Amino acid sequence: MATVIGVDLGTSAVKVLLVDETGTTLATASEDYPLQQPKPGYSEQDPEDWIRGVKAAIIALGKKPEADLSQVAGLSFSGQMHGLVLLSSAMRPLRPAILWNDTRTTAEVNQINQTMGQRFIEITRNRALEGFTLPKLLWVQKHEPDNFAAAKMFLLPKDYVRYRMTGTVGMDYSDAAGTVMLDEEKRRWSPAILATFNIPASLCPPLIEATDCVGTLDPEFAAAVGLPKTVKVFGGGADNACGAVGAGVLHPEQLLLSIGTSGVVLTYEPDAKTTYNGKLHYFDHVVPGQHYSMGVTLAAGHSLNWFKKTFAPDEDFSTLVDSAAASQPGANGLLFTPYLVGERTPYADAKIRGSFIGIDSRQTRADFVRAVIEGITFSFRDVLAIYQDSGRTFKSAITIGGGAQSPLWLQIQADILNLKIVSLANNQGPGIGAAMIAAVGLGWFASFEDCAKQFVKEAATYVPNPAQVARYNRYYKLYHDVYVATWPITAGLLQAED
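Residues numbered from 1 in each chain as written. Predicted model: local features only at pLDDT ≥ 70, side-chain atom pairs only at ≥ 80, totals over all residues. Heavy atoms only, no water.

Peer 1: How do you make sense of the layout of surface pockets when you look at a structure like this?
Peer 2: What the second largest pocket holds in volume is close to 280 Å³. What lines the second largest pocket is a set of 19 residues, among which Ala 247, Gly 248, Gln 254, Ile 398 and Glu 458 lie closest to the centre. Elements supplying a minimum of two residues to the lining of the second largest pocket: strand E16 (254-259), strand E22 (396-401), strand E23 (420-424) and helix H16 (448-455). Within the lining of the second largest pocket, the residues separate by chemical class into eight nonpolar, four polar and seven charged. (1 Å grid on protein atoms, 1.4 Å probe; cavity = no way out; pocket = protein on both sides within 12 Å on 5 of 7 lines; lining within 4 Å. Points joined across faces, edges and corners; volume = space filled by probe spheres on them. Helix = DSSP H or I, 4+ residues; strand = E, 2+ residues; numbered from the N terminus. Nonpolar A, V, L, I, M, F, W, Y, C, P; charged D, E, K, R; others polar.)

Structure below.
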């Protein structure tokens, strides 16, 4: 039976999935790579680490007894968004990639806002934030003028990997929208933005659809990893768009909750004219011609990972999360705000930092674990509130990522958000979305909706407990007050560090 590969290029690792025509994941493999943080607020990676990681992961996939790579017909990508890969005339990186969670560009964000103001939001449907690609380009332009002058083109992370695998350059619309350099109405690189900030149009790669076939594998790459050189390679898309497709979120009454390094609350947007005036991100979808919107909390899974690394390095994640059951809703009066690396939605604030509020000598480690889990989920409720204030209603939320692994956390999501929460049988997130892009691109299915019927299966449903909903409503009001109360303190601490 023919198969496809989904390549999910994440922030800390690449994961590859081998999926057959029935939507069954036959095998998976992953490879970690390092993150570089040379200064506070900096977050970089060596693009060559991605290439090495992808090769190693595909080779490991081929060694699985259930994997026959000779049957692979197509391959596509999901990629971490916004990262700047600046390429020389030889099409090699001029410097380490500046990632989505890098917050060095506050001055450049202010420059964009002061120069273009509301016009910028009208063109891109988004406000400028430190994580997006345009501020990173402006930072290089200002602080590394030699690198900027030597640049021939910029790509995003998965686009660079695809180029190295095929020799063809391009960027799909879902990732191009996340650069905040795309004219959303006209679906082209914005001449106004490029001219305003003296960015040569030649730096911008050709635009493609996620389902476009860019060619076949480079023979040398194919031989190195054990794949047929006839494998068709498709554009792929931004990880959040792929995660939505992989979860079957293809209708406006559906909501996606995704807990990875960051946390995402996302929905399908049927109207191309929708605008949230920059309060939420509004991007092109991997579904050709369609859009989605989302709010992002920067340190969702990262908050739990930080807690584990700092206080429970020898404990596995599932045991750590399960230990929160020894606490109770509200964590015995302890609140956690997950602003470890700043925040994006609803606070576009690179300087805010996280906190534990209400520490009491009677509390145990279980209370701290539960407070972290609840704080992450409260940050999702902040995003949900923006949708609700705009008149949106949702019947349920599909959850993927780390938070979908724990029945305890799934019930906490249902109670804090007061929504029915659905987990999936195949919790592969963006990777399965990448595989679906290849499946649709190959013509196995006429649409993503048809593909989702075959690839996406529900596993369990969690309904809100009214008593706990009422309790969490009280705690959420307190959580919502923490940002205003702590901002001057955390901003002052960062200034003192500088």
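Peer 1: Please explain empty space enclosed by the protein as it appears in this structure.
Peer 2: Using a probe with the size of a water molecule, rolled over the atoms, empty space left in the structure can be pinpointed. Inspection of the entire model under this criterion finds one cavity of 30 Å³ or more. Size it by volume and the largest cavity reaches roughly 90 Å³. As for the largest cavity, its lining consists of 13 residues, of which Glu 130, Gly 131, Leu 298, Glu 343 and Arg 344 are closest to the centre. Split into classes, the residues belonging to the lining of the largest cavity amount to five nonpolar, three polar and five charged.

Peer 1: What exactly am I supposed to notice about the sheet that holds E22 here?
Peer 2: Across a sheet, paired strands are connected by hydrogen bonds in the backbone, their directions being either parallel or antiparallel. Taken in spatial order, the seven strands make up an open sheet running E18-E19-E17-E16-E22-E23-E24, and their pairing is mixed. Only two strands of the sheet have a single neighbouring strand rather than two, namely strand E18 (281-284) and strand E24 (458-462). For this sheet, the mean angle separating the axes of adjacent strands, direction not counted, is 30°. Across seven bridges, the pairing between strand E17 (residues 263-269) and strand E19 (residues 291-297) is antiparallel. Bridging from a neighbouring strand, Val 264 pairs with Val 296 of E19. (Pairing = 2+ DSSP bridges. Axes fitted to C-alpha atoms, helices over the stretch in contact; angles between N-to-C directions.)

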